[in-house]
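Descriptive analysis of the structure
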Amino acid sequence: MPIYRRFKQSAVVVVMAATMMLMSACNHTETDDSIADTGAQYFNRVSSFPVYLNGDIGNETVAEIVAAANSGNMLIYTDGKMGKIGFVDITDITAPTAAGSVVVGGEPTSVTVVGNYALAAVNTSLDFINTSGNLVVIDITTKTIIETIPLAGQPDAISVSPDGQYAAIAIENERDEALGDGAPPQAPAGLLQIIDLTGTPANWQVRDVSLSGLADLYADDPETEFVDINDNNIAVITLQENNHIVLVDLSDGSIVNHFSAGSVNLSNIDITKDSLITQTDNLTDLLREPDGISWLGNDRFATANEGDLNGGSRGFTLFNIDGSVAYESAESVEHIITSRGHFPDKRAAKKGNEPENVEYGVYGDEEYLFVGSERSSVVLVYRITADFDPEFIQLLPAATKPEGLLAIPERGLFIAAGEEDSRADKIRSALTIYQLQDGTAHYPNIVSNNDLGDLPVGWGALSALSIDQQSDNLAYTVADSFYDSSRIFVVNIAEAPARINREILLKDTNGQLTAVDANLVNGDAEMSVNLDPEGIATSANGGFWLASEGKGTIGDLLKPFEFENMLLHISSDGLIKEVVTLPTEVADRQVRYGFEGVAAVMDGTTEMLYVVFQRSWRGDNDNRVRIGQYNTDTAKWRFFHYELDAVESINGGWVGLSDITSLGNDRFMVIERDNQGGPDAAIKRLYKFSIAGVTPLADDGSDTVAYPVLTKTLVDDLMDNLAATGGLTLEKIEGLAVTADGTVLIINDNDGVDDSNGETQLLRLPNLL
């Protein structure tokens, strides 16, 4: 949703493996020039404020629209779930603090600021027919309501003119999507209301502007979505379902222009929900159906083309005031998002990344346009060049489903409000604070290059790491079962950000996996496979070892057994050479938390594999998990026990292992983590242990098993490292590797941008070992 208060003064910027032959085969072009240049400035996330802190951790709260007061030191946001307007003190941007809230007698849908007043548009409708609302005026200093002004219906957005003379309120009177086919027309019609801000709030006058009869689509039912006002007191309004844009002179309420938002043709995008990122489809004559809107000066404006009924063009558009198109992003937004691992494949068949909002700000001599993507949970930052073309600069990670965007140039800040809140899904609604800084962009720290078809390699849900044995500049990672057609990604870690150069598709051409479980093999020409890769290790005998986690629990009716845990030997070109399963007496104990990592170590001429199980299986002590040892010469399994830390999260949950890597000389390091994220996260740790002098044992089939318990030593508590990124703590820290110079690499699984903000952090931690 758009922001209705901007600061346009000059800013005071607050500064605060492949072989070499394999590397040459991966030399594809990049999606854009996103690497920071010396002397450049970039926005970096400095902190995040989960808005439950203005209440109770158990409450479902949201931050949807955000405004600023007190010279940008106080954020004011709408919380529709709690029926409140919230306040956050950001005098210290690294430590934002709760500053209270005001109950407003309904669902606040938007907020803006004029002088010392916060103006909250509040929906008080009984239903879709009996619509109503109020403009609630709040004294920011005392945090008290001083006036309530009745509105003509259900408000959706409010904006204040730069000179403070007018407020414009978009009265949407939204449709009932469950009524018939959900399409308009549905009475009552939407409209625009103008508030003359003369004198005290008690004397403010309200004027109505009808928007009916303008649009080509559903002319009698304008669905007024968002509004912004320029320096000439011209309001620009989106009618999203009508695919229409209207300009109104606020001085007299006259309509100065209106026109269709038009349509777009898109090429090379993914429009199929199929657990694959395949950018091979085209769409023609797709209605833009714009949502958020923002002026860029006084002669042109930008729209976020989210879509609703029949459209959504997955990008943004710059319009001139005569209705002509000055710039169209087309499919470029989807491609940028894909290369950063934020493409939401489960939304591919709908409206893709869904640009929700746009915001404009002038920082010093530079003009910036911010485009918020609801489904990818990112903000794309563009610099407006001298010829008025947007130049993509960087991508910012946001809290889940960013809605409100706010530029605060006078402090060199930018704010994004993420509205999704689900504690059970490890998601908390939050305000994210970014600062314009000299130097480099901190995010992303892993991206993909273009493939041979000149399209970005699609990726996400990365669940493991391994360093190449010939080149310390190369690493390998895998995507888990969120995606079909399992593959290995080749990563150049010598660059910053690290770059996925290419992907290696796994193939069962020789029938090795078919012989074990034919259901995991696809019927395509490549004989691709659908595994759950959770661990990867480079093999001294060439290629890779993958740990694929089994699915389901034997004997469990709710989470029944589907397939078993496996180790797979993979050639350098992706061919499955061998499949290793657990002995029957072990496999019969399977629960759904199985193989999570693998390390390969040479013992003389024998390659030994070490596999971590995530959680206890049947027969294990509840707080002990197995680490399996597999001898590739004798094909024998032996086991150790590893004792987990006790649960420490205030939200409960469980603790398990996520990956393993060899440190040499019989020493290993593992990730131990809980299944909590955000403020509920407590355990994200690296431990090391030695197996020297410890003899593993075979499983004898007993009801209860006892293996030698390894002695672990804490290497690092990762909570501080994760907090240093400025975001809420990520849940799934799943990949671990160590470079030749001792730098520890960790990476998280972003769950394929499903019930997640899609953030992937590849952190480099030197001096730990």
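Residues numbered from 1 in each chain as written. Predicted model: local features only at pLDDT ≥ 70, side-chain atom pairs only at ≥ 80, totals over all residues. Heavy atoms only, no water.

Observations concerning the overall build of the protein chain
Note the threshold: Secondary structure elements are taken from DSSP: a helix is a run of H or I of four residues or more, a strand is a run of E of two residues or more, and numbering for both begins at the N terminus. With the radius of gyration taken over C-alpha atoms, the globule rule is written as 2.2 Å times the number of residues to the power 0.38. When accessible area is computed with a 1.4 Å probe and restricted to protein chains, residues below 20% of their type maximum are described as buried, those above 50% as exposed, and intermediate ones as partly exposed. Only the protein chains shown count as covering a residue, and every accessible area follows the Shrake-Rupley method with a 1.4 Å probe. Counted charges follow a simple rule, with Lys and Arg positive, Asp and Glu negative, and His plus the chain ends left uncounted. Taken as the charge location is NZ of Lys, CZ of Arg, CG of Asp or CD of Glu.
Within the protein chain, the regular secondary structure consists of 5 helices and 50 strands. Taken against the 2.2 N^0.38 rule, which gives 27 Å for 769 residues, the C-alpha radius of gyration of the protein chain at 28 Å falls within 12% of a compact globule. Considering the protein chain as a whole, with its 769 residues, one finds that 61% of them fall into the buried category. Accessible surface, the protein chain: about 26600 Å² in total, of which carbon and sulfur atoms supply 46%. Computed over 48 positive and 114 negative side-chain charges, the inter-centroid distance for the protein chain is 6 Å.

Notes on the confidence of the model for the protein chain
Convention followed: pLDDT is a residue-level measure of predictor confidence that goes from 0 to 100. Contact criterion: two residues are considered in contact whenever any of their non-hydrogen atoms come within 4.5 Å of each other.
Counting all residues, the mean pLDDT for the protein chain is 94, and 95% of those residues have values of 70 or more. Per-residue pLDDT stays below 50 along residues 1-38; that stretch engages in 133 contacts with residues further than four places along the chain or on separate chains.

As for the pairing of strand E37 (residues 544-548)
Here is the rule we go by: In this analysis, strands are considered paired if DSSP registers two or more bridges between them.
Among the 5 residues of E37, 5 are classified as buried, and the element is accordingly described as predominantly covered. Across the two faces of E37 the burial is the same, with Phe-544, Leu-546 and Ser-548 and Trp-545 and Ala-547 all buried. As defined by bridge partners, strand E36 (residues 533-538) adjoins E37 across 5 bridges and the pair is classed as antiparallel. Counterpart to Ala-537 in the pairing with E37 is Trp-545. Connecting the antiparallel pair E36 and E37 is a turn made up of 5 residues, with Gly-542 showing a positive phi of about 100°. Here E37 runs beside strand E38 (residues 566-570); their pairing, made up of 5 bridges, is antiparallel. By the bridge assignment, Leu-546 is partnered in E38 with Leu-568.

Details of the sheet that holds strand E40 (residues 595-603)
This is how the line gets drawn: Think of each axis as a best-fit line through the C-alpha atoms, taken over the contacting stretch in the case of a helix, with angles from 0 to 180 degrees between the N-to-C directions.
The antiparallel open sheet is built from 4 strands, whose spatial order is E40-E41-E42-E43. The sheet is open, and its two borders are formed by E40 and strand E43 (636-643), each paired with just one other strand. For this sheet the average axis-to-axis angle between neighbouring strands, irrespective of direction, equals 25°. By the bridge criterion, 5 bridges tie strand E41 (residues 606-613) to strand E42 (residues 624-631) in an arrangement that is antiparallel. Among the inter-strand pairings, Tyr-610 is bridged to a residue of E42, identified as Gln-629.

So, the nonpolar core
To be explicit about the condition: Note on terminology: a nonpolar core comprises buried Ala, Val, Leu, Ile, Met, Phe, Trp, Tyr and Cys residues joined through side-chain atoms within 4.5 Å.
In this structure, Phe-316, Leu-369, Leu-380, Tyr-382, Leu-395 and Ile-446 are the most contacted members of the largest nonpolar core, which totals 44 residues. Apart from the residues within four sequence positions on either side, Phe-316 is in contact with Thr-303, Asn-305, Tyr-327, Glu-328, Ser-329, Val-333, Leu-369, Val-371, Tyr-382 and Pro-390. Ala-157, Ala-170, Ile-194 and Val-248 belong to the second-largest nonpolar core, a separate cluster that totals 28 residues.

A closer look at the sheet that holds strand E44 (residues 655-664)
Taken in spatial order, the 4 strands line up as E44-E45-E46-E47 in an open sheet, and their pairing is antiparallel. Two strands bound the open sheet, and with one partner strand each, they are E44 and strand E47 (712-717). Geometrically, the sheet is characterised by an average inter-axis angle of 25° between neighbouring strands, direction not taken into account. Pairing of E44 with strand E45 (residues 667-674) involves 8 bridges; the strand directions are antiparallel.

Some details on empty space enclosed by the protein
Rules: For cavity detection a 1 Å grid was placed over the protein atoms alone, and a set of points counts as a cavity when a 1.4 Å probe fits there but cannot get out; an open set counts as a pocket when protein lies on both sides within 12 Å along at least five of seven lines, with lining residues being those that have an atom within 4 Å of a point. Grid points are joined across faces, edges and corners, and a volume is the space filled by probe spheres set on the points. Nonpolar residues are Ala, Val, Leu, Ile, Met, Phe, Trp, Tyr, Cys and Pro. Charged residues are Asp, Glu, Lys and Arg, and all others, Gly as well, are polar.
Its volume calculated, the largest cavity comes out at about 70 Å³. In this structure, the largest cavity is lined by Val-51, Asn-54, Gly-55, Asp-56, Asn-59, Thr-61, Tyr-77, Asp-79, Met-82, Lys-84, Gly-86 and Ser-101. Those elements that place two or more of their residues in the lining of the largest cavity are strand E3 (74-79) and strand E4 (84-89). In the lining of the largest cavity, the residues fall into 3 nonpolar, 6 polar and 3 charged. Quantified by volume, the second largest cavity comes out at close to 40 Å³. Residue lining of the second largest cavity: Arg-423, Lys-426, Ile-427, Arg-428, Asn-651, Gln-676, Gly-677, Gly-678, Pro-679 and Asp-680, and that is the complete set. When its residues are assigned to classes, the lining of the second largest cavity shows 2 nonpolar, 4 polar and 4 charged.

Focus: the environment of Ala-475
Along the chain, Ala-475 turns up in strand E33 (residues 474-478). Look at Ala-475 and you get buried, because its relative accessible area is 1%. In the structure, Ala-475 is positioned 270 residues away from Leu-745 in sequence and 9.9 Å away in space, judged by C-alpha atoms.

Quick notes on the pattern of salt bridges
What counts here: In the sections that follow, a salt bridge refers to a side-chain nitrogen of Lys or Arg positioned within 4 Å of a carboxyl oxygen of Asp or Glu.
One pass over the structure, following the stated rule, counts 31 salt bridges. Ionic pairing is found between Lys-81 and Glu-60, a salt bridge with its closest N-O pair at 3.7 Å. Here Lys-81, found in the loop between E3 and E4, pairs with Glu-60, found in the loop between strand E1 (41-50) and strand E2 (66-69); they are 21 residues apart in sequence, far enough to count as distant. In this structure, Arg-375 engages Glu-354 in a salt bridge whose closest nitrogen and oxygen atoms are separated by 3.3 Å.

Some details on helix H2 (residues 332-339)
When you tally the buried positions in H2, you get 7 out of 8 residues, the bulk of the element. Buried within H2 are the following residues: Val-333, Glu-334, His-335, Ile-336, Ile-337, Thr-338 and Ser-339. Residues of H2 that are buried in the fold lie against strand E18 (263-269), strand E22 (316-320), strand E25 (366-373), strand E26 (378-384), strand E27 (390-397) and strand E31 (446-448). Downstream of H2 by one or two residues, Gly-341 has phi in the positive range, about 75°.

Structural notes on the pairing of E45
The buried fraction of E45 is high, at 7 of 8 residues. The antiparallel hairpin formed by E44 and E45 contains 2 residues in its connecting segment, where Asn-665 sits at a positive phi of about 55°.

Details of the layout of surface pockets
Its boundaries defined by the atoms lining it, the second largest pocket holds a volume of some 790 Å³. What lines the second largest pocket is a set of 31 residues, and nearest its centre among them are Glu-64, Glu-174, Glu-177, Glu-225 and Glu-403. A breakdown of the residues in the lining of the second largest pocket according to their chemical character gives 4 nonpolar, 5 polar and 22 charged.

Some details on the side chain of Asn-242
Secondary-structure assignment places Asn-242 in the loop between strand E15 (234-239) and strand E16 (244-249). On the basis of relative accessible area, Asn-242 is assigned to the buried category, the value being 2%. Setting aside its immediate chain neighbours within four residues, Asn-242 contacts Ala-215, Leu-217, Tyr-218, Asp-221, Pro-222 and Glu-223.

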